[in-house]
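Secondary and tertiary structure notes
Chain by chain, the residues run as shown.
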Amino acid sequence: LQKYDLKKSDVLSAYFSAWKALTSYRDDVIAQGEKIIEDARIQEISFGSYEGMMYTREKSEIPDENFGYFFTNPERYQPTGGGETLEELLARERAFWQELIAIDEYKDSTILVSTHGAALSGLLSVIKRNPIEKFWDCGLHKNCGISIIEVKDKKAEVLQEAIVFYEEKTVAWD
């Protein structure tokens, strides 16, 4: 974050999905005294009964042969097993984003939002007003990747996307 002149003390508030695994990460990135907010609207998409199953290009534990549409043709993705649709994910991400940018206290402040792969792509899709066909527009972000969004007059601009501070690059699904 030094490259972007950001320090722990610059962060006014930090939003995290309500997920236990982020607890130690939260403690590492946030200086004491900052407002830490857990928000379920930015948690990862639910895969229902497929939760925790492995899926890669080469191998899948998921029995649904159409599950790959999630990555390759998101407009055709239809969850089974009680999973969440992309439309449902985008609706909660949109509600989160609209509420966030309406908070006057945050004007001219740095706010950290930490979430997961599909949730992050959903949030960026909302910010960029992308259709579902462009859900994975920037590919799947690598772990600890960041995007920098600037909001002026309640209008957002993506300044940088999928920045990582290690050698691996973002992988596209096509």
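Everything below is about the structure shown above.
Here the structure is a predicted model, which means the values were calculated and not measured.

**A few points about the overall build of the protein**
Each helix and strand in the protein was counted, giving four helices and five strands. Ordered by position in the sequence, the α and β elements of the protein form the string β-α-β-α-α-β-α-β-β. Looking at the protein as a whole, 36% of its 174 residues qualify as buried. Contacts in the protein between residues far apart in sequence, at least 24 positions, make up 59% of those at least 6 positions apart. Carbon and sulfur atoms make up 48% of the accessible area of the protein, which amounts to about 10700 Å² in all.

**Describing helix 4 (residues 117-128)**
Taking 1.5 Å as the rise per residue, helix 4 with 12 residues should run 16 Å; its terminal C-alpha atoms sit 16 Å apart, in good agreement. Counting buried positions along helix 4 yields 10 of 12 residues, so the element is predominantly enclosed. For helix 4, the set of buried residues is A118, A119, L120, S121, G122, L123, L124, S125, V126 and I127. In the core, the buried residues of helix 4 are packed alongside helix 2 (69-72), helix 3 (86-101), strand 3 (110-114), strand 4 (146-152) and strand 5 (155-163). Immediately downstream of helix 4, the backbone of R129 shows phi near 60°, a positive value.

**Here we look at the pattern of salt bridges**
For the structure shown, the criterion picks out seven salt bridges. For R41, the salt bridge is made with D39, and the minimal N-O distance between the two is 2.7 Å. For the salt bridge of D137 with K128, the shortest nitrogen-to-oxygen distance reads 3.3 Å. Taking relative accessible area as the criterion, D137 reaches 46% and is therefore assigned partly exposed. Linked by salt bridges that have partners in common, D39, R41 and E99 make up one network.

**Remarks on the sheet that holds strand 3**
Strand order in the open sheet formed by three strands is 2-1-3, and the pairing between neighbours is parallel. Both outer strands of the open sheet, strand 2 (35-38) and strand 3, are each paired with one neighbouring strand and no more. Across this sheet, the average inter-strand angle for adjacent strands is 15°, counted without regard to direction. Sheet topology places strand 1 (residues 11-16) next to strand 2; four bridges connect them, and they run parallel. In the sheet register, F16 faces strand 2, and the bridge partner there is E38.

**A word on the pairing of strand 1**
Taken residue by residue, a regular strand's side chains alternate between the two faces of the sheet. The buried count for strand 1 comes to five of six residues, which makes it a mostly enclosed element. With five bridges connecting them, strand 1 and strand 3 associate as parallel partners. Across the sheet, A14 pairs through a bridge with L112, a residue of strand 3.

**Topic: helix 3**
Residue pairs spaced three or four apart in an α-helix point in one direction, given the helix's 3.6 residues per turn. Given a rise of 1.5 Å per residue, 16 residues ought to cover 22 Å, and the 22 Å separating the end C-alpha atoms of helix 3 matches this to within 8%. Buried within helix 3 are the following residues: L86, L89, L90, R92, E93, F96, W97, L100 and I101. All buried residues of helix 3 lie within an arc of 165° about the axis, which places them on one face of the element. Buried residues in helix 3 make contact with strand 1, helix 2, strand 3, helix 4, strand 4 and strand 5.

What counts and how
Residues numbered from 1 in each chain as written. Predicted model: local features only at pLDDT ≥ 70, side-chain atom pairs only at ≥ 80, totals over all residues. Heavy atoms only, no water. Helix = DSSP H or I, 4+ residues; strand = E, 2+ residues; numbered from the N terminus. Buried < 20%, exposed > 50% of the residue type's maximum accessible area, 1.4 Å probe, protein only. Contact = heavy atoms within 4.5 Å. Areas by Shrake-Rupley, 256 points an atom, 1.4 Å probe, with all protein chains shown as cover. Expected span 1.5 Å × (residues − 1). Salt bridge = Lys/Arg side-chain N within 4 Å of Asp/Glu carboxyl O. Pairing = 2+ DSSP bridges. Axes fitted to C-alpha atoms, helices over the stretch in contact; angles between N-to-C directions. Arc of directions from axis to C-beta.

Function cannot be inferred from these measures alone, as they are strictly geometric.
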